[in-house]
Amino acid sequence: MNCCNFQAPFILNFIDGLWSSCGEEKIVICTTNHKERLDPALLRPGRMDLHIHMSYCSFTAFKTLASNYLSIQNHRSSSYV
């Protein structure tokens, strides 16, 4: 795996360190456009327990997500998009 010049062992060590230092409850969101290119060790249960496929997110869908999860109704930059 070679993504943005990061090697798999570096990423795995970073994530394992993050997991061990954060206590019991944690939510970490990772995104990729090419899941098939990731090292299977990165995707195993215990590192990534839940995988959610999100297809193309339109601006309207993004505003709905921001409203539902971040309680953002209006933002100053929304008029520029």
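Whatever comes next refers back to the structure up there.
None of the values given here were measured: they were computed from a predicted structure.

## Thoughts on the layout of surface pockets
Okay, so step 1: Quantified by volume, the largest pocket comes out at close to 1,600 Å³.
Okay, so step 2: Elements with a contribution of two residues or more to the lining of the largest pocket: β1 (2–3), α1 (8–21) and α2 (40–43).
Okay, so step 3: The leading source of residues in the lining of the largest pocket is α1, at five residues.
Okay, so step 4: Residue composition of the lining of the largest pocket, by class: 20 nonpolar, nine polar and five charged.

## As for α1
Okay, so step 1: With 14 residues, α1 should reach 20 Å at 1.5 Å per residue; the first-to-last C-alpha distance of 20 Å fits that figure.
Okay, so step 2: Of the residues making up α1, those classed as buried are A8, I11, L12, I15 and W19. Buried residues along α1 cover an arc of 100° about the axis, so they all sit on one side. Looking at α1, the residues exposed on the side facing more than 90 degrees away from the buried face are P9, N13, F14, S20 and S21.

What counts, and at which threshold
- Residues numbered from 1 in each chain as written.
- Predicted model: local features only at pLDDT ≥ 70, side-chain atom pairs only at ≥ 80, totals over all residues.
- Heavy atoms only, no water.
- 1 Å grid on protein atoms, 1.4 Å probe; cavity = no way out; pocket = protein on both sides within 12 Å on 5 of 7 lines; lining within 4 Å.
- Points joined across faces, edges and corners; volume = space filled by probe spheres on them.
- Helix = DSSP H or I, 4+ residues; strand = E, 2+ residues; numbered from the N terminus.
- Nonpolar A, V, L, I, M, F, W, Y, C, P; charged D, E, K, R; others polar.
- Expected span 1.5 Å × (residues − 1).
- Buried < 20%, exposed > 50% of the residue type's maximum accessible area, 1.4 Å probe, protein only.
- Arc of directions from axis to C-beta.

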